[in-house]
Amino acid sequence: MHKIGFIGVGIMGKSMVRNLMMAGFELHIFARTRAKVEDVIEEGAIFHPTIADCVKGCEAVITIVGFPTDVEEVYFKSGNILDSAPKGAYLIDMTTSSPALAERIAREGLSRGFRVLDAPVTGGDIGAKNGTLSILVGGAKEDYEACQELFRGMGTNINYQGTYGAGQHAKLANQIVIAGTLSGVCEAMAYAKAKGLDLEVWLNSVATGAAGSKQMDSFGKKMLVGDYAPGFFMKHFIKDMRLALEEAKASELSLEVLERVLDNYKELAAEGLDELGTQALIKHYEK
């Protein structure tokens, strides 16, 4: 496997493209705005003005776009991936999306002679830059095994979750953990501030103890200084939490913490803050 089509060259995708090129793959990319990807073009990625041109002749096509509607467009719109990629290619959606949509892509893709995997990632922009993403893979076991070299170009913790859609279910469970953990960090900081503690001292004190977490390490000090630059957009996290709640309700699960955190984020989004990073949740506690 050498020639790879890549659609969705954003905050995460751009670093993934770079790492795949460093691993020796030939990267063909599509982006709606060429100016936003000129840097990776200069580094060797081959730009195409259409999805059809991008995926032509590619042995694998990777997508990591924003919302399920974007996933539907790049796969199902006339002239896009399912109409244009060569038969037998691996179609790998790494967007955090709907498990039902992953199953639909698999059904249609398999019927047309493709190999299909849903493989969302976790690890954020830092994991993407460092090539240390966790990759959660659903699909046929033999296809998962065949793509190991490709996955190792982007991540270090690569695991088979089960059949089609299982990768998406695993990622939604991951997002449920993040929602509860990040809200816990925010509430603890609000409490410590209200009691007059030095927040930097407090963060340094608890970060290596039982309360420590990736969310605290990644965002605690950013929240202290008002750094809300997105490593992961609030609007995308809202989408993920909504998907998780829909799936939970389908299984008759009541996830009260997730519902509350989603409500808090929706309030912030209504104030026009949805282009900020997820750490901007602290703003809910500063009102």
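Here, every reference points to the structure presented above.
Note that the structure is predicted; figures quoted are calculated from it, not measured.

### Some thoughts on the overall build of the protein chain
For the protein chain, the count of helices and strands is 14 helices and 9 strands. Across its three principal axes, the protein chain shows a C-alpha extent of roughly 65 × 45 × 35 Å. Within the span of the protein chain, comprising 287 residues, buried residues form 51% of the whole. Looking at the protein chain alone, contacts between residues at least 24 apart form 65% of all its contacts between residues at least 6 apart. About 12,900 Å² of surface is accessible on the protein chain, with carbon and sulfur atoms providing 51% of the total. Computing the positive centroid from 30 side-chain charges and the negative centroid from 37, the protein chain places the two 2 Å apart.

### Here's the deal with the packing of aromatic side chains
The geometry of an aromatic ring pair comes down to the distance between the two centres and the angle between the two planes. Summed over all chains, the structure comprises 3 aromatic pairs. On the numbers, 6.3 Å between centres and 65° between planes, the contact of F232 with F237 is edge-to-face. The exposure class assigned to F232 is partly exposed, which follows from its relative accessible area of 27%. The class for F237 is buried, based on a relative accessible area of 1%. Joined through ring pairs, the aromatic side chains of F232, F237 and Y265 make up one cluster. One residue, R104, lies across the ring of F76, its end atom 3.9 Å from the ring centre. One residue, K235, lies across the ring of F233, its end atom 5.2 Å from the ring centre.

### Regarding the pattern of salt bridges
Applying the stated rule across the entire model yields 13 salt bridges. Here D39 ties to R18 by a salt bridge, and the two come within 3.2 Å at their closest N and O atoms. Here D39 is found in helix α2 (residues 38–42), whereas its partner R18 is found in helix α1 (residues 11–22), with 21 residues between them in sequence. By relative accessible area, D39 is classed as partly exposed at 29%. Measuring nitrogen to oxygen at the nearest pair gives 3.9 Å for the salt bridge that ties D70 to R32. Taken as a pair, D70 in helix α4 (residues 68–76) and R32 in the loop between β2 (26–30) and α2 lie far apart in primary sequence, 38 residues in all. In this structure D70 comes out as buried when scored by relative accessible area, which is 17%. Among the charged side chains, a salt-bridge network with shared partners connects K14, R18, D39 and E43.

### A few points about the nonpolar core
Core analysis: the biggest nonpolar cluster contains 36 residues, and F6, M16, I29, I92, M94, I135 and F151 have the highest contact counts within it. Residue assignment for this core shows that the elements contributing at least two residues are β1 (3–7), α1, β2, α2, β4 (60–63), β5 (90–93), β8 (133–139) and α9 (148–152). Sorting elements by how many residues they give to this core places α1 first, with 5 residues. Setting aside residues no more than four positions away along its own chain, I135 makes contact with M94, A119, P120, V121, F151, M154, G155, N157, I158 and N159.

Conventions and cut-offs
- The numbers attached to residues start from 1 for each chain and follow its sequence in the written order.
- Totals for whole chains, interfaces and linings use all residues, but because this is a predicted model, local features are given only for residues with pLDDT of at least 70 and pairs of side-chain atoms are given and counted only at 80 or more.
- Excluding hydrogens and water, the side-chain figures rest on all heavy atoms present in the structure.
- Secondary structure elements are defined from DSSP: runs of H or I of at least 4 residues count as helices, runs of E of at least 2 residues count as strands, and each element is numbered from the N terminus.
- The cut-offs for exposure are 20% and 50% of the maximum accessible area for each residue type, with area from a 1.4 Å probe on protein chains only; residues under the lower value are buried, those over the upper are exposed, and the others partly exposed.
- The criterion used for residue contact is that any of the two residues' heavy atoms lie within 4.5 Å.
- Each accessible area is a Shrake-Rupley result for a 1.4 Å probe, and residues are judged covered by the shown protein chains and nothing else.
- Note that His is not counted, nor are the chain ends; the positive residues are Lys and Arg, and the negative ones are Asp and Glu.
- Think of each charge as sitting on NZ of Lys, CZ of Arg, CG of Asp or CD of Glu.
- In this analysis, rings of Phe, Tyr and Trp, with Trp reduced to its six-membered ring, are considered paired at centre separations within 6.5 Å, and the interplanar angle assigns stacked below 30 degrees, edge-to-face beyond 60, and tilted for intermediate values.
- Only lysine NZ and arginine CZ atoms are considered, and such an atom sits over a ring when it is within 6 Å of the ring centre and within 35 degrees of the ring normal.
- When a carboxyl oxygen of Asp or Glu lies within 4 Å of a side-chain nitrogen of Lys or Arg, that pair is called a salt bridge.
- Among buried residues, those of type Ala, Val, Leu, Ile, Met, Phe, Trp, Tyr and Cys that are joined through side-chain atoms within 4.5 Å constitute a nonpolar core.

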